[in-house]
Amino acid sequence: MSTRSTISIKLENDLYKTIYCHHDGYLTHNGAMLLDHYNTKEKVLELLELGDLSCLGPKINPDSAKPHSFEFEERQDNVCVAYGRDRGESNTEAENLSLKEIFNETWLEYFYIFTDKNEWKFYDYDKKEMKDVKEELDKEYKRLGIKRPKNFYGFWTKSALADEKKKQSISEGEM
């Protein structure tokens, strides 16, 4: 099962350069990673040049001295996996779409947009409103009862959350 998302940047004339991302589109993965690693217009445009993604990673480009492909055994850690570059698919380039066209894709769960104010927003399909990624991540981690760990991108299982709470309480006790 995948949490599908789009990643977009606002262009002129109310168009948005947009790619699809198949895996881990939820807020504590793609939302957090976009906020941490793709926080300038230049970096977002570089990411979108990859076209549609199987999964987002903190790094756009693999180490050219090592193999990197769509095949799981040949993927480099923390590197984006793109359908075009890494699997050789065609017609995976970013598209310029209107918000109506983007939000019309009801089979997607998250719609991330990098604004002209250099902020990440996402469309909450259930509430039909735009929300700020950082604000919503802060709310989510407050709800979880922990501080957002640096470089953590993923889903919190009960046991992992309990371990993190213990780790953070020990760390706070040392201060």
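Not measured: the values here are computed from a predicted model.

> Please clarify how the pairing of strand β6 (residues 110–114) should be interpreted in this entry.
Remark: a regular strand shows side chains that alternate across the two faces of the sheet. Of all the five residues making up β6, four are buried; the element is thus mostly covered by neighbouring parts of the structure. Sheet topology places strand β1 (residues 5–10) next to β6; five bridges connect them, and they run parallel. Across the sheet, Ser 8 pairs through a bridge with Ile 113, a residue of β6.

> Sorry, what's going on with helix α1 (residues 27–37) here?
Helical geometry note: an α-helix holds 3.6 residues per turn, so side chains three or four residues apart project in the same direction. The buried fraction of α1 amounts to eight of the 11 residues, a majority that puts the element mostly inside the structure. Looking at α1, one finds that the buried residues are Leu 27, Thr 28, His 29, Asn 30, Gly 31, Ala 32, Met 33 and Leu 34. Buried residues belonging to α1 abut β1, β2 (16–21), α2 (41–48), β6, β7 (120–124) and α5 (133–144).

> Would you mind showing me how to read the pattern of salt bridges here?
A side chain with one charge may pair with a side chain of the opposite charge, provided their charged atoms come close. Here the structure, examined in full by the defined rule, presents 12 salt bridges. Measuring nitrogen to oxygen at the nearest pair gives 2.8 Å for the salt bridge that ties Asp 36 to Arg 148. You can see Asp 36 sitting in helix α1 and its partner Arg 148 sitting in the loop between α5 and α6 (158–174), a full 112 residues away along the chain. Since its relative accessible area comes to 29%, Asp 36 is described here as partly exposed. In this structure Arg 148 comes out as partly exposed when scored by relative accessible area, which is 28%. Here Lys 121 makes a salt bridge to Glu 119, at a shortest N to O gap of 3.8 Å. Its relative accessible area of 21% is what places Lys 121 among the partly exposed residues.

Thresholds applied
- Residues numbered from 1 in each chain as written.
- Predicted model: local features only at pLDDT ≥ 70, side-chain atom pairs only at ≥ 80, totals over all residues.
- Heavy atoms only, no water.
- Buried < 20%, exposed > 50% of the residue type's maximum accessible area, 1.4 Å probe, protein only.
- Helix = DSSP H or I, 4+ residues; strand = E, 2+ residues; numbered from the N terminus.
- Pairing = 2+ DSSP bridges.
- Contact = heavy atoms within 4.5 Å.
- Salt bridge = Lys/Arg side-chain N within 4 Å of Asp/Glu carboxyl O.

Geometry only, nothing functional implied.
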